[in-house]
Amino acid sequence: MSALPEVEARLAELETTASLAWWEMACDSSEATSAAAEAASAAMEHLLADPEVAAAAVPVAETALEQRRAEVLRLMTAGRQRPAELIDRVVALETELMGMHSTYRATCDGSELDAAAVDRVLMESIDLAEREQVWRSARGVGAAVDESLRELVRLRNQGARALGHRDHYAMTLANDELDEQRLYGLFDALHLALDPAWTAERELIARERRTALGLAVDAPLMPWHLVDVFGQDPP
């Protein structure tokens, strides 16, 4: 008899626990919530790394649905076959980075600003010096996470290469059943098709932002002139 239903039930319980723990950490990042999120994630990753769990990817019946259930489990476990110590370190780094992003605060004239306050300055302020100061400070999170993030990337790639993949990115695409060449071919086609419309829209955004901030019509548009830190939201 296939162990698939039992494994699915165990994974569902662990995934629910981990998702709730991460939500609690996102809402209130503290040592306690971080420890709970890390422990819950590690428990799930260790289970997915268990060879017996991978071996359970056998359909309980020869129907399309049951074969798909088994294939989903196979894909879930395929990229998780890593040594226990590597799992623990990767999960610890992921949790640490999430906590750092949650607790990082930009500053302006000595005052701390949470994400909502940063957004408010970039949406509403016409003080160019204030905008630049807040934007640069908000982007400082990159320097704060640099060392841990680089270690995480290195360890993820190490685990992926041990499983025969080019890197963690390629492994993730493969286990998500995405063909990398086809994906990038689609992106290239979309870029070509949408570039004229985007160019026109970008020029419109630039005109609107110059007007809103009282800039000359030929003034260069700087990142802090936009309405969010990463320049992804429409004005």
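Asker: Account for the overall build of the chain, naming residues and giving values.
Answerer: What the chain contains, in helices and strands, is 10 helices and 2 strands. The order of α-helices and β-strands along the chain, N terminus first, is α-α-α-α-α-β-β-α-α-α-α-α. Relative to the compact-globule value of 18 Å for 235 residues, the chain shows a C-alpha radius of gyration of 23 Å, a clear excess of over 25%. Going through the 235 residues of the chain one by one, you find that 32% of them count as buried. Counting only contacts in the chain whose residues sit at least 6 apart along the sequence, the fraction spanning at least 24 positions is 64%. Taken as a whole, the chain presents about 14,400 Å² of accessible surface, with 56% of it coming from carbon and sulfur.

Asker: Outline the packing of aromatic side chains, supporting the account with residue identities and numerical values.
Answerer: Evaluated as defined, the whole model comprises 2 aromatic pairs. Between Tyr184 and Phe187, the ring centres sit 5.7 Å apart and the planes meet at 80°, which makes this aromatic pair edge-to-face. Pair noted here: Tyr184 and Phe187 are both in helix H10 (residues 180–213), with a separation of 3 residues, about one helical turn. With a relative accessible area of 36%, Tyr184 lands in the partly exposed category. Residue classification places Phe187 among the partly exposed positions, given a relative accessible area of 41%.

Asker: Tell me about helix H6 (residues 115–124), and please be specific about residues and values.
Answerer: Listed in full, the buried residues belonging to H6 are Ala117, Val118, Val121 and Leu122. End-on, the buried residues of H6 take up no more than an arc of 135°, which puts them together on one face. Residues of H6 that are exposed and point over 90 degrees away from its buried face: Ala115 and Glu124. Looking at the packing, one finds that the buried side of H6 touches strand S1 (106–108), strand S2 (111–113), helix H7 (128–139) and H10. Where H6 begins, the side chain of Asp114 points an oxygen toward the backbone nitrogen of Ala116, at a separation of 3.2 Å.

Asker: How would you explain the side chain of Asp167 if you had to name every residue and give the values?
Answerer: When you line up the elements, Asp167 lands in the loop between helix H8 (141–162) and helix H9 (168–175). Excluding residues that lie within four positions of it along the chain, Asp167 makes contacts with Asn157, Ala160 and Arg161.

Asker: Kindly report on the environment of Val153, identifying the contributing residues and their values.
Answerer: Tracing the sequence through the fold places Val153 in helix H8. The class for Val153 is partly exposed, based on a relative accessible area of 42%. A C-alpha to C-alpha distance of 9.1 Å links Val153 and Val90, two positions 63 residues apart in sequence.

Asker: Go over unusual backbone geometry, please, and point to the residues and values.
Answerer: With a phi close to 55°, Asp109 is a non-glycine residue in the positive phi region. One can find Asp109 in the loop between S1 and S2. Of note, Glu177 is a non-glycine position whose phi angle comes to about 60°, a positive value. For Glu177, a relative accessible area of 43% puts it in the partly exposed group.

Asker: Go over the nonpolar core with me, naming the residues and quoting the values.
Answerer: The biggest cluster of nonpolar side chains holds 12 residues, and these are Ala106, Cys108, Leu113, Ala117, Val118, Val121, Leu122, Val134, Trp135, Ala138, Trp224 and Val229. Taken together, the elements giving at least two residues each to this core come down to S1, H6 and H7. If you tally residues by element for this core, the top one is H6, at 4 residues. Not counting residues up to four positions away in its chain, the partners in contact with Ala138 are Tyr104, Ala106, Val118 and Val229. Val7, Leu11, Leu47 and Leu73 belong to the second-largest nonpolar core, a separate cluster that totals 11 residues.

Asker: Outline the pattern of salt bridges, listing residues and values.
Answerer: Tallying each qualifying case throughout the model produces 12 salt bridges. The salt bridge partner of Arg80 is Glu45, with a shortest N-O separation of 3.0 Å. Pair noted here: Arg80 is in the loop between helix H4 (64–78) and helix H5 (84–103) and Glu45 is in helix H2 (residues 31–48), with a separation of 35 residues, a long-range link. Overall, Arg80 belongs to the partly exposed group, its relative accessible area being 24%. Residue class for Glu45 comes out buried when judged on its relative accessible area of 14%. Notably, a salt bridge pairs Glu151 with Arg89, separated by 2.9 Å at the nearest N-O pair. One end of the pair, Glu151, is in helix H8; the other, Arg89, is in helix H5, with 62 residues separating them in the sequence. One continuous salt-bridge network, built from bridges that share partners, spans Glu8, Glu66 and Arg69.

Definitions and cut-offs
Residues numbered from 1 in each chain as written. Predicted model: local features only at pLDDT ≥ 70, side-chain atom pairs only at ≥ 80, totals over all residues. Heavy atoms only, no water. Helix = DSSP H or I, 4+ residues; strand = E, 2+ residues; numbered from the N terminus. Rg over C-alpha atoms; globule rule 2.2 N^0.38 Å. Buried < 20%, exposed > 50% of the residue type's maximum accessible area, 1.4 Å probe, protein only. Contact = heavy atoms within 4.5 Å. Areas by Shrake-Rupley, 256 points an atom, 1.4 Å probe, with all protein chains shown as cover. Phe/Tyr/Trp six-rings, centres within 6.5 Å; stacked < 30°, edge-to-face > 60°. Arc of directions from axis to C-beta. Polar contact = N/O pair within 3.5 Å; in protein donor to acceptor, adjacent residues only side chain to side chain. Core = buried A, V, L, I, M, F, W, Y, C linked by side-chain atoms within 4.5 Å. Salt bridge = Lys/Arg side-chain N within 4 Å of Asp/Glu carboxyl O.

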